[in-house]
Amino acid sequence: MVAHLVRLKLALLRNGLRRSAWQVVGLVVAALYGLSVLVAAVAGAIGLSFAEPQLRGDVLVVVGSLVVLGWWVVPLVAFGVDSTLDPRRFVTFGVPRRDLLVGLTLAGLIGIPGVVTALGALATPLAWWREPLAAVAALVGAVLAVLACTVGARATTTVLAPVIGRRRVREVVAALAILPFIFLGPILNGVAATASGVGGLGGIAGFLSWTPLGAPWALAPAVAAGDGVGVAVRLAVSLATVVVALRVWSWALDRTLTDPVSAGGDSRARGLGWFGRLPATPTGAVAARAATYWVRDPRYAVAVAIVPVLPILLAVTAPGASLVLIAGPAAAFTVGWSISADVAYDGTAFWTHLVSPLRGVADRWGRVAVAGSLGMALTLVVVLGTVWYADRWDALPALLGASAGLLLTSLGGASVVSAAVVYPVQQPGENPFGTKQGTSAAAFTSQMVGFLAVGALGAPTAVLALLAVVRESAVLGWAAAVVGLVVGTAVLVVGVRVGGSMLDRRGPDLLQRMRAFT
Amino acid sequence: MPAPILGRVTTPAPLPQPAPGPLPGSTPVGPAPVPGAPAITLRGLWRRFGQKVAVAGIDLEIPAGSFYGLVGPNGAGKTTTLSMATGLLRPDAGTVLVHGVDLWAHPVEVKRTLGVLPDGVRLFDRLTGAQLVTYAGLLQGLDRPTVVSRTRDLLAAVGLEQDADTLVVDYSAGMTKKVALACALVHAPRVLVLDEPFEAVDPVSAANIREILHQYVAGGGTVVVSSHVMDLVQRMCDHVAVIAEGHVLAAGTVDEVRAGRSLEERFVDLVGGRITGEGIAWLRTSSD
């Protein structure tokens, strides 16, 4: 039975690859990445073997603990990472519980992260080749650590599935999860700064070596140091971790099998919301729908959440410099461009527009109105904030004018692009981190071409504004504002016209393509 | 719970009736409906997906005021045909006339007169049920008071008034069908085209929906439904067309098509593919 489960996992992997060439490319890239990590791990282990035993143990414990923690936490955020072998699919088969648990544990190691973790852990004895007894202990520790990784990951995901399964929670978690990645650089800097000096590392390692995260990795150092009590306690903690995780997983599995998760929530909204406030015209209705989605759909929320990131990042990396002033125009451009995949975001729900006597131009204006108002407000806040921070009030007209111009330009460009191409995007409720299959190169190219075209149209404004800020010239500043507003308005009006008539002609073709994605 | 809903359905007053002509306030550009023309005329409709020809030259005439059933096995081309007849899919060749007006030449004018419920597509499911129906009404160009009162009536008629403020994403499959039907009805179209409207709908709701559709036909509207439940089509519809492999095998009134037998028998005859014989011997529990 265990062999069956492992074979099933392999078959799923193989069939997934057969579906498209991009899958193979993705696997190859991931494998190369995994290989490089593995090479680094082996080289690190050999290199460590020449260091003094104390440092050797500390490094292994800290790095190893991070690996275990990663296995326990990452699947919660990037949910669905290993749902290929969902235990619920085995309910109708009479698989003994023991076999199911063992089989799923082993199957969990199939895949790039599993293989890299297992081989990397098995490389740790290399660090102890001069003390054979410690090397054996490292091998035992490695096996226990890998078990703690896979079984622990299963335990955390199964226990928290009812919570994570709730739509709202998953969406919020997934939307927030992107933030640490954006702040990864500053966070690492901070951590490195506090933990600099071997004293800091030793302190952290000393603490971690008694916890379930670090205990398996601390077996070998304890043996090398001849610390009998330390070995016994760490072994006990490691074994207990695996056993407890198994028990918890088994118990949680029983609960999910008999009491399946319902994705439903108490999501209700009183009244008509934006539909009651905006004008009762087709354009107003499109705007009301878009406004509702900007609030309720995390895919749009992410676009807004990214806006404050750039100024903060610039202020942190280059404190006091005028560089932060580019955040305003950049935010304007980003928010405007965020509707460049709006039809793809609608997905097949776009049929509602197609069966209506709705002109493409009305559709375009409705979407532009919402993104434009939101973009104006956000840009105003960012521009005022950065000007205040850099104390460059002389640059205000240039920045405001240029930002507004860039917003209008990118809205106009996005109105054409989103009517021209659709490509598979995350549908509402899907994990924003899950990779989407079948994104065609053509769709990607046309997005890039549109992006570059908008960039070219916005370039005169941007250059004038840049010169105005650098040379502190009021004349150039006003020129940037005027050019920005004139060019932006023209691009927007033309873009909406062109995009609208494209939508009138090609709307059904777009819908057909989106139907084929699913 | 069923009783009060049934009671409300049988009060005919609030339900939108098919509008006789262009909406008030809309400027009549383009051709007006031709009096006496069939509700829908399909001529030589073709559609190919890659190598597969899904619809291979379909001619069909759906009389005004009829309750028309479209039946066929899985993959027969029903959904493709209905998509082309409603402006959701461009035909490779052929014409679609709705009350005598070419749909693909004058989409905006024709779409005012069509109510559509497609199958296998998403809805704007981050809206509440009430918002979704309101959205459909406003897109059709109705004014706000009309949309608000019709939304209330329709949600009550399909039994969703309790769930009007719930997000559609949290609806069950049957509730989703019902709210999509309300969207198709909100502008009181002259022709209703419904793809699998009874799929996943419970019997009580299905009875309510049938009641609404019958009233609608009695008021002069035309209904086209696709289904693979023969029994339902035989009881509910007055006309039927049998489609298989992209061709029309038979079309006409239900009595003409079934020729004295049950529609299901006639359908199996026309389409073929029944497998007869010994069956699966080992599937008997006694052989254990």
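Residues numbered from 1 in each chain as written. Chains lettered and ligands numbered in written order. Predicted model: local features only at pLDDT ≥ 70, side-chain atom pairs only at ≥ 80, totals over all residues. Heavy atoms only, no water.

Chain B has the name ABC transporter ATP-binding protein in an unreviewed UniProt entry, where Cellulomonas phragmiteti is given as its organism. Here is the UniProt Subcellular location (unreviewed entry) comment for chain B, exactly as written: "Cell membrane". (UniProt positions renumbered as here; feature names shortened; annotations may be inferred.)

Identification of chain A as Transporter from Cellulomonas phragmiteti is taken from an unreviewed UniProt entry.

Chemist: Would you mind going over the overall build of chain B with me for this structure?
Modeler: For chain B, the helix and strand inventory stands at 10 helices and 10 strands. Burial analysis of chain B (288 residues in total) assigns 52% to the buried set. A separation of at least 24 residues holds for 69% of the contacts in chain B among residues at least 6 apart in sequence. Roughly 12,300 Å² of accessible area belongs to chain B as shown, and the carbon and sulfur atoms make up 55% of that amount. (Helix = DSSP H or I, 4+ residues; strand = E, 2+ residues; numbered from the N terminus. Buried < 20%, exposed > 50% of the residue type's maximum accessible area, 1.4 Å probe, protein only. Contact = heavy atoms within 4.5 Å. Areas by Shrake-Rupley, 256 points an atom, 1.4 Å probe, with all protein chains shown as cover.)

Chemist: Explain the interface of chain B and chain A to me, please; I cannot follow it from the model alone.
Modeler: Interfaces are often described in size by the accessible area the parts lose on coming together. Facing 42 residues of chain B, the contacting portion of chain A comprises 50 residues. Both sides of the chain B and chain A interface together cover about 4,200 Å² of buried area, and 57% of this is carbon and sulfur. The partner of Arg90 of chain B in a salt bridge is Asp509 of chain A, with the nearest N and O atoms 3.7 Å apart. At the junction of chain B with chain A, the criterion picks out 13 residue pairs in polar contact (both at pLDDT 80 or more). A per-class count over the side of chain B that touches chain A returns 19 nonpolar, 12 polar and 11 charged. (Buried area = accessible area lost by both parts, 1.4 Å probe. Salt bridge = Lys/Arg side-chain N within 4 Å of Asp/Glu carboxyl O. Polar contact = N/O pair within 3.5 Å; in protein donor to acceptor, adjacent residues only side chain to side chain. Nonpolar A, V, L, I, M, F, W, Y, C, P; charged D, E, K, R; others polar.)

Chemist: Would you explain the pairing of strand β2 (residues 52-62) of chain B in this entry?
Modeler: Put simply, side chains in a regular strand alternate between the two faces of the sheet. With 8 bridges connecting them, strand β1 (residues 40-49) of chain B and β2 of chain B associate as antiparallel partners. Bridge assignment links Arg47 of chain B to a residue of β2 of chain B, and that residue is Val55 of chain B. (Pairing = 2+ DSSP bridges.)

Chemist: Would you take a moment to explain the side chain of Asp58 of chain A for this structure?
Modeler: Residue and element names in this part refer to chain A. Examined against the element boundaries, Asp58 turns out to sit in helix α3 (residues 53-77). Although buried, Asp58 forms no salt bridge, and the nearest oppositely charged side chain, Arg234, lies 8.2 Å from it. Discounting chain neighbours no more than four positions away, the residues touching Asp58 are Leu201, Gly202 and Ala205. (Lys, Arg positive; Asp, Glu negative; His and termini not counted.)

Chemist: Looking at this model, I keep getting lost on unusual backbone geometry. Mind explaining?
Modeler: With the exception of glycine, most residues fall at negative phi, and the peptide bonds are largely trans. Positioned with a positive phi, Glu472 of chain A is a non-glycine residue whose angle comes to about 50°. The residue Glu472 of chain A is located in the loop between α21 (441-471) and α22 (474-517) in this model. On the basis of relative accessible area, Glu472 of chain A is assigned to the exposed category, the value being 55%. A positive phi angle, near 50°, is found at Glu196 of chain B, a position not held by glycine. Judged by relative accessible area, Glu196 of chain B falls into the buried class, the value being 8%.

Chemist: Looking at this model, I keep getting lost on the confidence of the model for chain A. Mind explaining?
Modeler: Regions with low pLDDT should not have their predicted coordinates read in detail. Residue and element names in this part refer to chain A. Of the residues in chain A, 80% reach a pLDDT of 70 or more, and the chain-wide mean stands at 80. Confidence, expressed as mean pLDDT per element, reaches its minimum in chain A at helix α8 (residues 184-195) with 56 and its maximum at helix α18 (residues 351-354) with 93. This stretch, residues 261-266, has a pLDDT under 50; its non-local contacts, to residues over four places away or in other chains, come to 11 contacts. (pLDDT = per-residue confidence, 0-100.)

Chemist: It is not clear to me how the sheet that holds β2 of chain B should be interpreted in this structure. Could you clarify?
Modeler: Strand pairing in a sheet relies on backbone hydrogen bonds. The paired strands run either parallel or antiparallel. Residue and element names in this part refer to chain B. Spatial strand order, β2-β1-β4-β5: 4 strands in an open sheet with antiparallel pairing. The sheet is open, and its two borders are formed by β2 and β5 (101-102), each paired with just one other strand. Where strand β4 (residues 93-98) lies against β5, 2 bridges are found, and the strand directions are antiparallel. Residue pairing in the sheet places Val98 in a bridge with Val101 of β5. Strands β1, β2 and β4 of the sheet are contacted by helix α2 (residues 78-85), whose axis makes an angle of about 120° with β1. (Axes fitted to C-alpha atoms, helices over the stretch in contact; angles between N-to-C directions.)

Chemist: Would you take a moment to explain the packing of aromatic side chains for this structure?
Modeler: A ring pair, where both rings are aromatic, is described by two values, the distance of the centres and the angle of the planes. Considering all chains together, one arrives at 6 aromatic pairs over all chains under this definition. With a centroid separation of 5.4 Å and 75° between ring planes, the pair formed by Trp337 of chain A and Phe451 of chain A is classed as edge-to-face. Of this pair, Trp337 of chain A sits in helix α16 (residues 327-337) while Phe451 of chain A sits in helix α21, and the two are 114 residues apart along the sequence. By the ring-pair criterion, three or more aromatic residues cluster together here, those being Phe275 and Tyr293 of chain A together with Phe124 and Tyr135 of chain B. Between the NZ or CZ atom of Arg234 of chain A and the centre of the ring of Trp210 of chain A, over which it lies, the distance is 3.8 Å. (Phe/Tyr/Trp six-rings, centres within 6.5 Å; stacked < 30°, edge-to-face > 60°. Lys NZ or Arg CZ within 6 Å of the ring centre and 35° of its normal.)

Chemist: Please explain the environment of Val487 of chain A as it appears in this structure.
Modeler: As for its position among the elements, Val487 of chain A is in helix α22. Measuring from C-alpha to C-alpha, the distance between Val487 of chain A and Thr461 of chain A comes to 8.3 Å, with 26 residues separating the pair along the chain.

Chemist: I tried to follow the pattern of salt bridges on my own but got confused; where do I start?
Modeler: Scanning all chains against the criterion turns up 15 salt bridges over all chains. Notably, a salt bridge pairs Arg47 of chain B with Asp92 of chain B, separated by 3.9 Å at the nearest N-O pair. Remark: Asp92 of chain B occurs in the loop between α2 and β4 and Arg47 of chain B occurs in strand β1; sequence separation between them is 45 residues. Residue Asp92 of chain B is classed as partly exposed on the basis of its relative accessible area of 47%. Here Lys177 of chain B makes a salt bridge to Asp119 of chain B, at a shortest N to O gap of 3.0 Å. Taken together, the residues Lys177 of chain B in helix α6 (residues 173-185) and Asp119 of chain B in the loop between β6 (114-117) and α4 (129-139) connect sequence positions 58 residues apart. One exposure class covers both Lys177 of chain B and Asp119 of chain B, and it is buried. Connected through salt bridges with shared partners, the residues Arg289, Asp342, Asp346, Asp363, Arg364 and Arg367 of chain A form a single ionic network.

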